[in-house]
Amino acid sequence: MSEAYKQQYTFGVDYGTGDVKFGPISCGEHPEIVENRGYFTDQSSIMQKISGPSKEIIVGKDIPLYLEAKEDLSTRMIYPMRNGVIDKDQERAWSVVHEITEFGLETFRPPSSDFSGYYLVSSLSSVSPRYMYEKLFEIYRDIDKEFGSIIAATVIPQPLSVAIAHKVPTCVVLESGHGNTQICPISRYPIRNAIVAVNRGGGDGNALTAEILKDCGYGDLVHEESLIRKVKENLGLIPAELDAAIHIAKRDQERFRATYKVPGTRIAVDLAENSWMRFLIGEYVFNPNHEIFQSYFNRGLPRPSDVKVGDTSFRGMLDFGDAIIQAVERCPVELQPYLYKQILLSGGNFSWKAPDDMSDVAIDAPTKIRRLLENKGVSDTVIMMTESPQYSVWRGCIVYGYSVPADFAWSWDRFEGWMTFR
Amino acid sequence: MSASPNEEIREKLVGFFKQRGYRVRNQGNANSADRASDLSFVKGQTVLVVKIAANSNLQTRNAILEVTLAAMDLTSRANLVYLAFPKLQASLLDASMLQDRGLGMLIYDSRSIEEAVAPRQFDSPSDKKQSSADIDWLRSRVEALEKTVENLSHELSATRARPIEPSQPRQPTPLQSTQDGKPGTALPSFLKGNPWVDILARRGREPDQVAA
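Residues numbered from 1 in each chain as written. Chains lettered and ligands numbered in written order. Predicted model: local features only at pLDDT ≥ 70, side-chain atom pairs only at ≥ 80, totals over all residues. Heavy atoms only, no water.

1. Describing the overall build of chain B
At step 1: Scanning chain B for helices and strands turns up seven helices and six strands.
At step 2: Ordered by position from the N terminus, the helices and strands of chain B form the series α-β-α-β-β-α-β-α-α-β-β-α-α.
At step 3: Here chain B, with 212 residues, has 35% of them falling under the buried criterion.
At step 4: Within chain B, residue pairs in contact and separated by at least 24 positions form 48% of the contacts whose partners lie at least 6 positions apart. (Helix = DSSP H or I, 4+ residues; strand = E, 2+ residues; numbered from the N terminus. Buried < 20%, exposed > 50% of the residue type's maximum accessible area, 1.4 Å probe, protein only. Contact = heavy atoms within 4.5 Å.)

Structure representation (structure tokens):
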């Protein structure tokens, strides 16, 4: 196939923890988005017998139309990428990935007669084990066999996608999702040996928020994760310095009072005299080492632990400043100043509010990272939030597919190139 | 009811309606309404007629009924119909009965004329023709809509009988790139001026540059 054909039919897929972003290059600036989840219908239910059989797995925007009892949600609704990594034997999770990919490709099947399949570029966590790449290629091969919609595919690390989308060839990318955070130095390609993985992400912020809600008398709300996430996003704050923030917030309770009403419901959360706790949520995500968190660990909050997934060790309690320094110091000394000068923060876990009337104590994510680095003697840093963080991984995939030559074959040594299926 | 109404009253009524912007309708062009009424006026498209009940005509109960019915008859031929009644006999008539039927009532004596009941606007014959045309048009539209609903109903039944097919795919739009393979003007902003395009285009065509 010619380069022109490949450039015309490049297709990107970002399997995010919460949403899947997908679409061909012709989507322009914004891909299509659906939630990264699949619902397994009850094939033995009486409704199936009455109204005729439906698909076993429902994905996309139609899911709410198929939901059954609330109690079944936890077993029937599968979020495959919830932790960034899918275990090899999680068949149902892989089935959802298959279904969503197929759904995405068929949504954009071109009517043109010259179409003989997309060049598909997907993106995975930089610490994904080899079997995840193998599984994805297997799924793509099956889809192509059935629908003829993938001529070749490749999988690239998410931090590389982010750097590409932001047109920065030399940088450090912090990609923080629900389950973990990857710190990946990039110099014209990811420096794999320098990648540092932290076993802490937005999900840990949610867990602490749930503990705080319990302490404040809202124990009945902590079973719905989406609600906890909303509370975290609306009430959580990053302190410039935790002890000072707690002191000021306890003294001036009205200014820092944390209240949140869930839209369209009667549910309202008011942390009242415990509103100072809102600073714990932000601090915990960036640095869980403050002694105040010990009491939560003692009462059952799971401490972010060190784990090994595939060949990669995930550090649980490493603060983000230390994690960046460790990653950069694994790179050549000459390169290090350039890396500190371009630090890109990507992913929903870096989206925090910093209200103007609390600017003396509450700060945004880039400022927090700069402070963490300054505390460890690293100054002269430039830290940026990614623009359109929701879309940057997908955009990186599109640029990659558009640019990498069609005849550059996949290599299991380098983990790059095109895997062809015909 | 065969005797002519008093000329003095007629003049007063003409003056009364002229003050309200009406002009006396030309008797030479009188239509059936004008001929049946004692006075006829016009203002724009509105035709107003007045049935005058003179003192001398109201000696019997039947005479009152007769003049009232004659006024009622005019409602099919004029837009506004008044019954002009002498003040002395006005109390013999129940004004609310006239109001119910859309008739206006004028009460007069030798000094003045007063409007006791305002008339209701009736459709003129031309309005009725128009209404009839409107009804015909609406009827034809309803018939067309009924036919459309019937067709849609058939199509819906047929669709239900078929298995659900995937939704219509979004149509990819043609892209432009320059001859040297660099992004053209129609490409998304994240491709334009992106140094990675050149870096990635050399993958596989240069010595291994993977830093790891």
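2. A look at the overall build of chain A
At step 1: Along chain A, the regular secondary structure elements total 15 helices and 20 strands.
At step 2: Within chain A, the fraction of its 422 residues that count as buried is 59%.

3. Focus: the confidence of the model for chain B
Residue and element names in this part refer to chain B.
At step 1: On average, chain B scores 76 in pLDDT, and the residues at 70 or more come to 70%.
At step 2: Highest mean pLDDT in chain B belongs to helix α7 (residues 195-201) (94); lowest belongs to helix α2 (residues 32-36) (53).
At step 3: In the model, residues 163-169 has pLDDT below 50 throughout and makes five contacts with residues more than four positions away in sequence or in other chains.
At step 4: Predicted as a complex, the structure gets a pTM of 0.64 and an ipTM equal to 0.83. (pLDDT = per-residue confidence, 0-100.)

4. Comments concerning the sheet that holds strand β4 (residues 38-40) of chain A
Residue and element names in this part refer to chain A.
At step 1: Read across the sheet, three strands follow the order β5-β4-β6 without closing on themselves; strand pairing throughout is antiparallel. Of all the strands in the sheet, the pair left with one neighbour each is β5 (57-58) and β6 (77-78).
At step 2: Judged from the two bridges that link them, β4 and β6 form a sheet pairing that is antiparallel. If you follow Tyr39 over to β6, its bridge partner there is Met77.
At step 3: Taken strand by strand, helix α4 (residues 91-107) contacts β4, β5 and β6, and its axis lies near 120° from that of β4. (Pairing = 2+ DSSP bridges. Axes fitted to C-alpha atoms, helices over the stretch in contact; angles between N-to-C directions.)

5. A look at the pairing of strand β10 (residues 181-187) of chain A
Residue and element names in this part refer to chain A.
At step 1: Counting buried residues in β10 gives seven out of seven residues, a clear majority hidden from the surface.
At step 2: Side chains of β10 alternate between two faces, with Thr181, Ile183, Pro185 and Ser187 and Gln182, Cys184 and Ile186 buried alike.
At step 3: Direction of pairing for strand β9 (residues 170-176) relative to β10: antiparallel, over a ladder of seven bridges. Paired with Cys171 across the two strands is Ile186, which belongs to β10.
At step 4: Here β9 folds back onto β10, and the loop between the two strands holds four residues.
At step 5: Strand direction decides the pairing type here: β10 and strand β11 (residues 196-198), joined by three bridges, are antiparallel. In the sheet register, Ile183 faces β11, and the bridge partner there is Val196.

6. Side note on helix α12 (residues 320-328) of chain A
Residue and element names in this part refer to chain A.
At step 1: For α12, a buried count of seven out of nine residues is recorded, marking the element as mostly surrounded by other parts of the structure.
At step 2: Those residues of α12 not exposed but buried are Phe320, Gly321, Ala323, Ile324, Ile325, Ala327 and Val328.
At step 3: Where α12 begins, the capping side chain belongs to Asp319, and its oxygen is found 2.7 Å from the backbone nitrogen of Gly321. (Polar contact = N/O pair within 3.5 Å; in protein donor to acceptor, adjacent residues only side chain to side chain.)

7. Topic: the sheet that holds strand β4 (residues 80-86) of chain B
Backbone hydrogen bonds hold the strands of a sheet together, and the pairing may be parallel or antiparallel.
All names here are of chain B.
At step 1: The strand order across the open sheet built from six strands is β1-β2-β3-β4-β5-β6, with neighbouring strands paired in mixed fashion. Among the strands making up the open sheet, the edge pair consists of β1 (23-24) and β6 (113-117).
At step 2: Pairing between strand β3 (residues 46-52) and β4: five bridges, direction parallel. Bridge pairing in β4 links Val50 to Tyr82.

8. Regarding the packing of α4 of chain A against helix α5 (residues 130-147) of chain A
Residue and element names in this part refer to chain A.
At step 1: Running from amino to carboxyl end, α4 crosses α5 at an angle of 45°, the nearest separation of the two axes being 10 Å. Between α4 and α5, the angle falls in the class oblique. In the packing of α4 onto α5, the handedness of the crossing is right-handed. The residues of α5 that touch α4, namely those facing Glu91, Trp94, Val97, His98, Thr101, Glu102, Leu105 and Glu106, are Tyr131, Met132, Lys135, Leu136, Ile139, Tyr140, Asp142, Ile143, Glu146 and Phe147.
At step 2: Split into classes, the residues belonging to the contact of α4 with α5 amount to 10 nonpolar, two polar and six charged. (Parallel < 35°, antiparallel > 145°, perpendicular 65-115°, else oblique. Left-handed = near helix turned anticlockwise from the far one by under 90°. Nonpolar A, V, L, I, M, F, W, Y, C, P; charged D, E, K, R; others polar.)

9. Points about the pattern of salt bridges
At step 1: On inspection of all chains with the given rule, the structure shows 28 salt bridges over all chains.
At step 2: In this structure, Lys51 of chain B and Asp38 of chain B form a salt bridge, with 3.7 Å as the shortest nitrogen-oxygen distance. Placement of Lys51 of chain B in strand β3 and of Asp38 of chain B in the loop between α2 and β2 (39-43) is noted, with a sequence separation of 13 residues between them. Side by side, Lys51 of chain B and Asp38 of chain B carry an identical accessibility label, which is buried.
At step 3: Measuring nitrogen to oxygen at the nearest pair gives 2.4 Å for the salt bridge that ties Asp73 of chain B to Arg77 of chain B.
At step 4: With relative accessibility at 42%, the residue Asp73 of chain B sits in the partly exposed group.
At step 5: One network of salt bridges, with partners in common, ties together Asp252, Arg255 and Asp360 of chain A. (Salt bridge = Lys/Arg side-chain N within 4 Å of Asp/Glu carboxyl O.)

10. Section: the packing of aromatic side chains
At step 1: Evaluated as defined, the whole model comprises 28 aromatic pairs over all chains.
At step 2: On the numbers, 5.9 Å between centres and 90° between planes, the contact of Phe17 of chain B with Tyr22 of chain B is edge-to-face.
At step 3: Take Phe17 of chain B: its relative accessible area is 1%, and that puts it in the buried class.
At step 4: Using a relative accessible area of 11% as the deciding quantity, one classes Tyr22 of chain B as buried.
At step 5: Cation over ring: Arg92 of chain A sits above Phe40 of chain A, and NZ or CZ is 4.2 Å from the ring centre.
At step 6: The ring of Tyr296 of chain A carries the charged tip of Arg299 of chain A above its face, separated from the ring centre by 4.8 Å. (Phe/Tyr/Trp six-rings, centres within 6.5 Å; stacked < 30°, edge-to-face > 60°. Lys NZ or Arg CZ within 6 Å of the ring centre and 35° of its normal.)

11. Brief notes about the confidence of the model for chain A
At step 1: Overall, the predicted model of chain A reaches an average pLDDT of 89, with 94% of residues at or above 70.
At step 2: Across chain A, strand β12 (residues 238-239) of chain A holds the top mean pLDDT of 97, while helix α2 (residues 46-51) of chain A sits lowest at 55.

12. Things to note about the environment of Gly202 of chain A
Residues and elements named next belong to chain A.
At step 1: Note that Gly202 resides in helix α7 (residues 202-215).
At step 2: Sequence spacing of Gly202 and Ser176 is 26 residues, and the spatial spacing of their C-alpha atoms is 7.5 Å.
At step 3: Sequence-distant contacts of Gly202, defined by excluding residues within four places in its chain, comprise Gly177, His178, Lys232 and Asn349.

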